[in-house]
Structures are given as C-alpha cells and as structure tokens.
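Here's the letter readout for the chains.
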Amino acid sequence: MASAMILAAGLGTRLRPLTDEMPKPLLWLGDRPLIAHIAERLVAGGVVRVAVNKSHLAERFSRDLLAAFPAPVEVLHEPEPLGTAGGLANAAGALGEGDVVLWNGDILIDLDVAALSAAHAAHGRHGAGATLAVAPRPVGEGTIGVGARGEVVRLRGERFGDEVAGGDFVGVHVTGGALRRRLPPRGCMVGDVYLPWLREGRSLATFAAPAVWHDIGTLAAYLAASAHWLSQRGLGSYVGPGASVAEGVDVAGSVVGAGARVEGAGALRGCVVWPGAQVVLGAGAPLERAVVTAKGTVARAAA
C-alpha cells in the first residue's frame, strides 16, 4: 500500500470554540497535532505518499507543520468542502491509481495499517470494493452489521444479508480502484459510494479494529483522547518543551503544550493547555476538564 489520504477539510462545528482557532485535525494531542499521530501510524503501515485536503482555516496547515510529517505530503485546498468522496476524487492526481487508505482526520486509533491493507488485497480479489475497519459490537448494535464471511450486511439502517455481529465503523478504510473510478466530484463515501455499491449486490469487506478508539468530535471526546494518550505512556501529566509551570500549581492528568505558561497557584486537572497558551490559576476552585487555547479561550467540558 503506497498511498493514503487524511480527510481534514471538515468544519468541526461541534468542537467550537476550539475549531474557531484551529482545524480539528490540528488539535494538540499530547506532544503533537492529531494529524501527526495519524501520519505516523500510516507510515508505520507502509504508506509512502500522503494526501491531505484542507478547507476550514486552511492557512493553519503551515509549511513547518507539513515538513515534520514522516512522509511526503501533498495538500489539496478545497475552497468549499467537497465531502469525503469528493475529496478523494479531487486527490486522484496526487494518489495515483489503485488502493488508497482513507483516514478521517478526527480519528485516533492504534490500527495496524499494513494488516488492513493486506486484508483488502485478499478481499479485493473476491470482488470487495473496499474494506472498512470496524470495532466489534454485539449483533444489531453499532453502525455496521457484519455477515458470516466478514462482509458488510447492514449500513445506515439498510440490510444486505444476514448479520452475525455488529460493529462501529471507525473512519479508517481502504478503497479499491473500481470504486475510485465511480467517485462523484462532491459527496459522501458512505451515502454516495458505498451504499449504491451494496444496493447493486456488490460487496464491501470488514477488518477487525481495536475496540478502543476515539472520534474527536466533541470537547469531552477530545479530553478523553488526551487522557488515553497519557495512560498509554504511563504518564500522570505531560509538560512540553519550553513550557513553564509555577511552583504553586499542581498538574494532574493534563497536557501542557510546548512553550505554554501556567502561572498562579491552584490545580490543573484533566486539562489541555495548547502550545504557547497562558493560563493564570487562582487559589480557589481548580481548573478541571478544560482546554485553554493559544488565544486564551477557556472551553470547559460538561460535568
């Protein structure tokens, strides 16, 4: 598998006010932006060429950011978002022909990309147009129904066969050449490409994804992904290079980005402080389950 695309052109409306300052795939997660974690996972799985589409706050995809990626990146600007299918169609020149790994730019998951690609190569020889990574759920639950051969038999409420297991589509998939040739200039991969394919009696395959994954679509989900990043590394908290934390501040379960400053006295619990941000804590109630942006916005998650 040589090529992949990170879908990064969405508006991220549910994550406002964070996405008023930064596109969702560029949100700070641990020691780097979310999109850099995705790129690292793709390269570890054998991808050598990556395309990224951008639209909302496109100027934030800076040259310095892209230079830090572990593989060559071609960025495609969409003046207006084309949708997941349209974005992939627009990237045809950058990606070449054949199979492409698609990864939603708001998904954090420890997925074996090489195994997913190999699974699709096997399924594709039997006519599967794409292979979707699916986290396991009981029969009838989740966004996907899986048949006895691992095929998709339920999608968006439509049924195409007998279901033996349920699952959640995790936003990572391999799309084959036959389906790529049918892509519309605008539209959704699921609604405008995968469902019509299934209605024609054709097949889509599934790949067993890890049960733990993060769809970073809300503030609570973003904070949960940050906590997961810490726990994976056995860290109680993380303070990035050049950041400073005053002696009177107790940091727990939080990420303080590079060059940030936490001043005053008090507790910082379950928070993310973006790189370059400044926060002054009072001696009263702690700052809990909040994100502090570079412009000083403090966004608190609901209790």
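Structural notes, computed from the coordinates. These numbers were taken from a predicted model, which means no experiment stands behind them. (Residues numbered from 1 in each chain as written. Predicted model: local features only at pLDDT ≥ 70, side-chain atom pairs only at ≥ 80, totals over all residues. Heavy atoms only, no water.)

All right, on to the overall build of the chain then. A tally of helices and strands in the chain yields eight helices and 25 strands. Each principal axis of the C-alpha distribution contributes one length, and for the chain these read about 65 × 40 × 30 Å. Of the contacts formed within the chain by residues at least 6 apart in sequence, a portion of 59% connects residues at least 24 apart. Carbon together with sulfur atoms contributes 52% to the accessible area of the chain, which is approximately 12900 Å² in total. (Helix = DSSP H or I, 4+ residues; strand = E, 2+ residues; numbered from the N terminus. Contact = heavy atoms within 4.5 Å. Areas by Shrake-Rupley, 256 points an atom, 1.4 Å probe, with all protein chains shown as cover.)

The subject of this paragraph is helix α7 (residues 189-199). With eight of 11 residues buried, α7 lies mostly within the body of the structure. When we look at burial in α7, the residues that qualify are M189, V190, G191, V193, Y194, L195, W197 and L198. Within two residues after α7, G201 carries a phi angle of roughly 85°, on the positive side. (Buried < 20%, exposed > 50% of the residue type's maximum accessible area, 1.4 Å probe, protein only.)

A few words on the side chain of T206. Mapped onto the secondary structure, T206 falls in strand β13 (residues 203-208). Here the side chain of T206 touches G150 through a polar contact of 2.6 Å, landing on its backbone oxygen. (Polar contact = N/O pair within 3.5 Å; in protein donor to acceptor, adjacent residues only side chain to side chain.)

This part is about the pairing of strand β4 (residues 49-54). In terms of residue burial, β4 counts as a mostly covered element, since five of its six residues are buried. For strand β1 (residues 3-7) and β4, the ladder comprises five bridges, and the chain directions are parallel. Paired with L7 across the strands is N53, a residue of β4. Sheet topology places β4 next to strand β5 (residues 73-77); five bridges connect them, and they run parallel. Looking across to β5, one finds that V50 is bridged to V73. (Pairing = 2+ DSSP bridges.)

Throughout the structure, instances matching the rule amount to 15 salt bridges. For R154, the salt bridge is made with E163, and the minimal N-O distance between the two is 2.8 Å. Across the pair, exposure class does not vary: R154 and E163 are buried alike. Across the pair R182 and E200 runs a salt bridge, and its minimum N-O distance is 2.8 Å. Taken as a pair, R182 in the loop between α6 (177-180) and α7 and E200 in the loop between α7 and β13 lie far apart in primary sequence, 18 residues in all. Note on E200: relative accessible area 45%, which makes it partly exposed. (Salt bridge = Lys/Arg side-chain N within 4 Å of Asp/Glu carboxyl O.)

Ranked by size, the top nonpolar core spans 52 residues in total, and within it L18, L42, W103, L111, V172, Y222 and W274 carry the most contacts. Among the elements that take part in this core, helix α8 (residues 219-232) stands out by supplying six residues, more than any other. When sequence neighbours within four positions are dropped, the list of residues in contact with W274 reads L18, E21, M22, L27, W28, Y222, G257, A260, V291, V292, T293 and A294. In terms of nonpolar packing, the next biggest core, distinct from the first, is built from 29 residues, A51, A91, L102 and L204 among them. (Core = buried A, V, L, I, M, F, W, Y, C linked by side-chain atoms within 4.5 Å.)

Read from one edge of the open sheet, three strands run β17-β20-β23, paired in parallel fashion. Strand pairing shows two members of the sheet lacking a second neighbour, β17 (249-252) and β23 (287-288), which therefore form its edges. Where β17 lies against strand β20 (residues 266-269), four bridges are found, and the strand directions are parallel. Bridge pairing links A252 to R269 in β20.

Attention now moves to unusual backbone geometry. Following R16, the chain continues into P17 via a peptide bond in cis, with omega recorded as 10°. Along the chain, the position of P17 falls in the loop between β1 and β2 (28-29). In this model, R156 sits at a positive phi of 50°, which is unusual for a non-glycine residue. Within the fold, R156 resides in the loop between β10 (152-155) and β11 (158-159). The phi torsion at R289 lies on the positive side, around 45°, for a residue other than glycine. R289 sits in the partly exposed class, given a relative accessible area of 35%.

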